[in-house]
Amino acid sequence: MKPFSAPFGESFLRGNVLQAVVVVACSAGFYLFGYDQGIANALLSNADFFVQYPVMNDATKQGAILGLFVIGAMGGCIANSAIGNRLGRRPVLMAAALGTLLGAGLQSGSRNLGMFIVSRLINGFFVGVLTSIVPPYMGEVSRTNIRGLFVSLDLVLGSAGLMTAFWVSYGFRNTPGPMGWRMPLALQAMFVLITIVCIPFCPESPRWLMEAGRRDESLHVLTRLHGREYAEKAAAEIAEAIALEHATAVRSWWAIFQNNKQCFRYRTLLAVSVNSFQQFTGVNMATYYAGTIFMTALAMPPEKGQLALGGLGISGHVACIFGCFVMIEHLGRVRTMMLGAATQSIAMILLAGGIAHIDVPAGGYVGAVGLYLFIMAFSATWLPCGWLYGAEVTPLAIRLKAAALGNTLQYAFNFMIVQVTPIGITNIGYKYYIPFAISNAVLVPLLYFYFPEISQLSLEEIDELFSDGRVYMRHSPSEKIGHAHLDHALEAGKPVNAPEGSIEGEKSRGEFVEHQ
């Protein structure tokens, strides 16, 4: 029975129009993830919220209540990785959208602290499912040459959600009573309703259908999306990829840490480290508590602080667009993260210095510049690269398990930062931001010496950087791989000595080194 057995609109929805429907249906996932991180500012700046839930003077409870959303999201991510592939993309997407709608309604209508905590966990769980199911689904229904564009679009939507939350907080700043914080929470329902309306018209993933043995249905979906000629070629490639994945996929979690010729352990550590490093930059300290920093640590009047919060959202969103569509392809993944980490370290120094000298008129402005600089730098660098690098650097055999481990650790560190930040702002003051300045500075040499540049390489060329149990460092996206020369050098068991301009140039040029 439609839309459960098959989508609506099979007779008239095709090509670009059908792809647009899929994009709109999927947009709520990352948009809501960004929105839910930023909307904490509307709660913490509303007096009635603390009347309903008396945690004003308990920084530990504030952090725990807000961080429960992240714990729920971590559970949703784990649940989807465990059972999502058995059910199909469309059913999981619809269930997650309905669950998010339920969580938003329960949060906005909660009557006591216990109900608010449970509803926040429910909301986080289903948003976690959305954020873990949307990227593979969008990638599986899109052409190969625009999959990267769809990944970037997800991240831009996340930054748009954060920007929206900041301006919603500003819009409800003078709304008295419970409407000042209940309505911002309820607005989530409006975004997810778009997904609920669109999903019945979306096709099932052709890759999932192929893996389930439903080749004819997979070919039919591909034909509706991209035309008959492309569909036949894509169907053959999908079948080949599935066969390869089944032949090479590891069954044990310990296998991803094997120190084999493909460098599974090193590549897993690279992917997991990038996920964890995103949190060590201090980003969720800034997104969850930017309003508190402006109005408490930097002593801005509420009206001015809320306006500064809205401007912060716009600047971060613009920086994210620039980073996703310009910077990461021209500068490279690793160089972009290095630039971001260095800039973020300077930003944290400015923020700490401004708070330390808040009694000086210029202190507040210096601190505000630091916070703006940090959000812009992170949005343009670590936000896109943190999601891309781990997926690209891991081989097919361990990609799913490494991604699940990396996402789980990222959510765990996210919760830790959200939990401790209210305590740091209240009890430690400017010194709380110094460790973030140090951690960002330390990331620069770590990235340079241990993370190979993989921008502008195919997945097969990336595999050549991790061959014969060695890791060959590449520092620039302009360096090219000379396949025959590299293969010969590896067989000979000697360091590579390549012609000028190739990726495997001499160690003395500082362009290419080995890690045993």
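Residues numbered from 1 in each chain as written. Predicted model: local features only at pLDDT ≥ 70, side-chain atom pairs only at ≥ 80, totals over all residues. Heavy atoms only, no water.

Enquirer: Break down a nonpolar patch on the surface for me, citing the residues and quoting the values.
Expert: Residues Tyr430, Ile434, Ile438, Val442, Leu446, Tyr448, Phe449 and Tyr450 make up a contiguous nonpolar surface patch of roughly 700 Å² in combined accessible area. Take phenylalanine 449: its relative accessible area is 48%, and that puts it in the partly exposed class. (Patch = residues over 30% accessible without salt bridge, like charges linked within 9 Å, V, L, I, M, F, W, Y side chains within 5 Å. Areas by Shrake-Rupley, 256 points an atom, 1.4 Å probe, with all protein chains shown as cover. Salt bridge = Lys/Arg side-chain N within 4 Å of Asp/Glu carboxyl O. Buried < 20%, exposed > 50% of the residue type's maximum accessible area, 1.4 Å probe, protein only.)

Enquirer: Tell me about the domain arrangement of the protein chain, and please be specific about residues and values.
Expert: Looking at the protein chain, the domain boundaries give domain 1 (12-203) and domain 2 (260-473). Taking the mean C-alpha position of each, domain 1 and domain 2 sit 21 Å from one another. The interface of domain 1 with domain 2 comprises 41 residues on the first partner and 38 residues on the second. Overall, the association of domain 1 and domain 2 removes approximately 3300 Å² of surface from exposure, summing both partners, and the carbon and sulfur fraction of that is 73%. Scanning the region where domain 1 abuts domain 2 turns up one salt bridge. (Domains from an automatic or database assignment. Contact = heavy atoms within 4.5 Å. Buried area = accessible area lost by both parts, 1.4 Å probe.)

Enquirer: Give me the lowdown on the side chain of threonine 281, citing residues and values where you can.
Expert: Looking at the secondary structure, you find threonine 281 in the loop between helix 13 (264-280) and helix 14 (283-297). By relative accessible area, threonine 281 is classed as buried at 0%. Setting aside anything within four residues of it in sequence, one finds threonine 281 in contact with Gln344, Met348, Phe374, Phe378, Trp382, Phe436, Asn440 and Leu443. (Helix = DSSP H or I, 4+ residues; strand = E, 2+ residues; numbered from the N terminus.)

Enquirer: An account of the environment of alanine 96 is needed here, citing residue identities and associated values.
Expert: Among the structural elements, alanine 96 can be located in helix 5 (residues 89-108). The exposure class of alanine 96 is buried, given its relative accessible area of 1%. For alanine 96 and valine 127, which are 31 residues apart along the polypeptide, the C-alpha to C-alpha distance reads 6.9 Å. Apart from residues no more than four positions distant in its own chain, alanine 96 is found in contact with Phe126, Val129 and Leu130.

Enquirer: Report on unusual backbone geometry, specifying residues and quantitative values.
Expert: Both trends apply: most residues other than glycine have a negative phi, and most peptide bonds are in trans. Of note, the phi angle at cysteine 263 is positive, near 60 degrees, even though the residue is not glycine. Relative to the helices and strands, cysteine 263 is located in the loop between helix 12 (228-248) and helix 13. Phi at aspartate 468 is positive, roughly 60 degrees, even though this residue is not glycine. Among the secondary structure elements, aspartate 468 is positioned in the loop between strand 1 (466-467) and strand 2 (470-472).

Enquirer: Provide a residue-level description of the confidence of the model for the protein chain, including the pertinent values.
Expert: Averaged over every residue, the pLDDT of the protein chain is 84; the share at 70 or more is 91%. Low pLDDT (under 50) marks residues 483-516, which in the prediction has 74 contacts with non-local residues, meaning those over four places away or in another chain. (pLDDT = per-residue confidence, 0-100.)

Enquirer: Give me the lowdown on the packing of helix 5 against helix 9 (residues 188-198), citing residues and values where you can.
Expert: Two packed helices can be described by the angle between their axes and the distance between those axes. Where helix 5 contacts helix 9, the axes come no closer than 9 Å and their chain directions differ by 160 degrees. If you check the angle between helix 5 and helix 9, you find them roughly antiparallel. The interaxial crossing formed by helix 5 with helix 9 has left-handed handedness. Of the residues in helix 9, those touching helix 5 at Met94, Ala97, Leu98, Thr100, Leu101, Ala104 and Gln107 are Gln188, Ala189, Val192, Leu193, Thr195 and Ile196. Counted by class, the contact of helix 5 with helix 9 contains nine nonpolar, four polar and no charged residues. (Axes fitted to C-alpha atoms, helices over the stretch in contact; angles between N-to-C directions. Parallel < 35°, antiparallel > 145°, perpendicular 65-115°, else oblique. Left-handed = near helix turned anticlockwise from the far one by under 90°. Nonpolar A, V, L, I, M, F, W, Y, C, P; charged D, E, K, R; others polar.)

Enquirer: Go over the nonpolar core with me, naming the residues and quoting the values.
Expert: One finds Ile293, Phe294, Trp382, Tyr389 and Tyr433 to be the most contacted residues of the largest nonpolar core, which totals 123 residues. Ranked by residues supplied to this core, first place goes to helix 1 (residues 15-38) with 11 residues. Per-domain counts for this core show at least three residues from each of domain 1 (12-203) and domain 2 (260-473). The contacts of tyrosine 433, once residues within four sequence positions are left out, are Met285, Ile293, Ala297, Met348, Leu351, Ala352, Ile355 and Ile425. One finds Met210, Leu222, Ala231 and Ala234 within the second-largest nonpolar core, a separate group that totals eight residues. (Core = buried A, V, L, I, M, F, W, Y, C linked by side-chain atoms within 4.5 Å.)

Enquirer: Run through the pattern of salt bridges, naming residues and quoting values.
Expert: One pass over the full model with this rule turns up seven salt bridges. Notably, a salt bridge pairs arginine 214 with glutamate 217, separated by 2.9 Å at the nearest N-O pair. Residue classification places glutamate 217 among the partly exposed positions, given a relative accessible area of 37%. For the salt bridge of arginine 333 with glutamate 392, the shortest nitrogen-to-oxygen distance reads 2.9 Å. On the criterion of sequence distance, the pair formed by arginine 333 in helix 16 (residues 333-356) and glutamate 392 in helix 18 (residues 382-393) is long-range, its members being 59 residues apart.

Enquirer: With reference to specific residues and values, describe the environment of isoleucine 346.
Expert: You can see isoleucine 346 is positioned in helix 16. Measuring from C-alpha to C-alpha, the distance between isoleucine 346 and asparagine 440 comes to 8.8 Å, with 94 residues separating the pair along the chain.

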